Amino acid sequence: MAEISLTLIQTFYQVARHGSFSGAARELNLSYQSAANHVRRLEQILKGKLIESEQGAKRIALTPRGRALYNLLHPELDIMLERLTKLIESQRSSLRVGMPQAIFFYLFPKVLTRFREKFPEMEFAVYERDTVLAELVKNGSLDVCISERYFGDPVVPQRLLGSYRLSLVYPRQWGEAPKQQDIPSWAEGRRFITFEPGQTLRNLAVDFLSRDGALVQPVISTSGSSSVKRCVEEGLGFSIIPSWCIGPEDVTISSAKLNNLPEVRVYFGSAGFLQKHPTVQQLFEDCQRELVGPILDPPRGGEFTHPPL
C-alpha cells in the first residue's frame, strides 16, 4: 500500500466533518478541486470508496467505510493536530499535565524530581484543575491528567494509581474529635469550609455531612486543599480534606481519618495516542514509584490498573 499522507487524512476528515468539499476547502484554505482530489487519492490508496457525491450536489454522504474511518479518526486527530501546533509554536519539547491543585502541591515534587532525571530539558507545564480535565485532554490542551474522577471515556483512557482516605480537620482549640458516626450532628451549626462547587472532594464531604437530613451550608469555598487547610489553621471553621495534607508540623489543627467514608481513587489518564509515548509512560511509572505505597494504597484485586478491555 502506498504511504498515506497526513494531508490526505486531514482533508478527508474535514470533508466528513463539514459534509461538503467546499466546507473543508474553506477550513484548510484549499481550492474545492484540491479537496476533492485529496479524497479521491486517499480512496485510491485505500482501494475503496469513502464518499458518495452527485454532480452539482452541495452535500456529500459517507459510505460505510468512510463512516468507519471518520469514527476512527474523531476526535483523536483533533488532539494530535493541536499537540503538533503547540509543539511547533513553542519549538520546545513539553508535557502538559492537569491535576487538582493539592495533588500537585503536596504530592508531585518527588514525582517531578524523578521524572526530570530522565528528561531534564523538557518543560513540564501544569494546569491545576479538577472539573474539566477530560475535556482539556479531548480538545488537545492537555496530554496527561491525574484525577480523582473516572471519566469512562475511551478517548481519555485511565489507569488506576491507587486510593486514599479523607480526614476531618478543625482548630485544635475545639477539643477532642467526635466519633465518626457522630460527625454529621457535630458539624451542624459549625462553620464548614470546603472546595469550589463541582469538585469531587466537596461532593463527598457534603454527601457525608448531609446524612440523616442535616443541613450543610459552606461558609467559605476555595480552589484547593492548601487554601482550605489555611482557613482552618486561622480558626475560620472545619473541613474534610485528603489525609496526606496533614503532617506533624500542623500543630494548630486536629485531624481524624474518616474510615467510614469511601476511599478516593486517583487515576492517571492521557490522550489515547500518547499512552505508549516514552514521556507519558515514564511519568506513569514515576507516579507509581513515588505515590503508591508511601501515599496511596495500591489497587486491590479486581481493581483495574489499565483501561478495562
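For the structure itself, look to the data block above.
Residues numbered from 1 in each chain as written. Predicted model: local features only at pLDDT ≥ 70, side-chain atom pairs only at ≥ 80, totals over all residues. Heavy atoms only, no water.

(A) How the structure looks around the overall build of the protein. Helix and strand counts for the protein stand at 11 helices and 12 strands. For 309 residues, the compact-globule estimate of 2.2 N^0.38 gives 19 Å, and the protein exceeds it by more than 25% at 25 Å. Oriented by its inertia axes, the alpha-carbon framework of the protein measures out at about 80 × 45 × 40 Å. Every one of the 309 residues in the protein was classed for burial, and the buried ones make up 48%. For the protein, contacts bridging at least 24 residues in sequence account for 73% of all contacts bridging at least 6. (Helix = DSSP H or I, 4+ residues; strand = E, 2+ residues; numbered from the N terminus. Rg over C-alpha atoms; globule rule 2.2 N^0.38 Å. Buried < 20%, exposed > 50% of the residue type's maximum accessible area, 1.4 Å probe, protein only. Contact = heavy atoms within 4.5 Å.)

(B) Highlighting unusual backbone geometry. Of note in the backbone geometry, Asn29 takes a positive phi value of approximately 60° without being a glycine. Even without glycine at this site, Lys47 takes up a positive phi of about 55°. Tracing the backbone shows Lys47 in the loop between α3 (32–46) and β1 (51–52). Residue classification places Lys47 among the exposed positions, given a relative accessible area of 69%.

(C) Region of interest: helix α10 (residues 225–233). All of the buried residues along α10 are Ser225, Ser226, Val228, Lys229, Cys231 and Val232. Two residues or fewer past α10, Gly235 is found with a positive phi of approximately 80°.

(D) Spatial organisation of the pattern of salt bridges. Taken as a whole, this structure holds 14 salt bridges when the rule is applied. A salt bridge links Arg40 to Glu43, with the shortest nitrogen-to-oxygen separation between them at 3.4 Å. Of the two residues, Arg40 and Glu43 both sit in helix α3, three residues apart, roughly one turn of that helix. A salt bridge links Arg230 to Glu233; the shortest N-O distance between them is 3.4 Å. Placement of both Arg230 and Glu233 in helix α10 is noted, with a separation of three residues, approximately one turn of the helix. Classification of Arg230 as partly exposed rests on a relative accessible area of 46%. With relative accessibility at 26%, the residue Glu233 sits in the partly exposed group. (Salt bridge = Lys/Arg side-chain N within 4 Å of Asp/Glu carboxyl O.)

(E) Geometry of the layout of surface pockets. Considered as a void within the structure, the largest pocket measures approximately 210 Å³ in volume. Gln101, Arg129, Asp130, Gln199 and Ser223 are, among the 18 residues lining the largest pocket, the residues nearest its centre. In the lining of the largest pocket, the residues fall into seven nonpolar, six polar and five charged. (1 Å grid on protein atoms, 1.4 Å probe; cavity = no way out; pocket = protein on both sides within 12 Å on 5 of 7 lines; lining within 4 Å. Points joined across faces, edges and corners; volume = space filled by probe spheres on them. Nonpolar A, V, L, I, M, F, W, Y, C, P; charged D, E, K, R; others polar.)

(F) Quick look at the packing of aromatic side chains. A complete count under the given rule lists 15 aromatic pairs for this structure. Relative to Tyr32, the ring of Phe21 has its centre 5.7 Å away and its plane inclined at 65°; by these criteria the two rings are edge-to-face. Remark: Tyr32 occurs in helix α3 and Phe21 occurs in helix α2 (residues 21–28); sequence separation between them is 11 residues. Measuring from ring centre to ring centre gives 5.3 Å for Tyr164 and Trp244, while their planes differ by 70°; the resulting arrangement is edge-to-face. Taken as a pair, Tyr164 in strand β6 (residues 158–164) and Trp244 in the loop between β10 (239–242) and β11 (253–257) lie far apart in primary sequence, 80 residues in all. Residue Tyr164 shares its accessibility class with Trp244, and that shared class is buried. Grouped by ring-pair contacts, the aromatic residues Tyr170, Trp174, Trp186, Phe192 and Phe238 constitute a single cluster. When the ring centre of Phe284 is taken as origin, the NZ or CZ atom of Arg159, which lies over that ring, is 4.0 Å away. (Phe/Tyr/Trp six-rings, centres within 6.5 Å; stacked < 30°, edge-to-face > 60°. Lys NZ or Arg CZ within 6 Å of the ring centre and 35° of its normal.)

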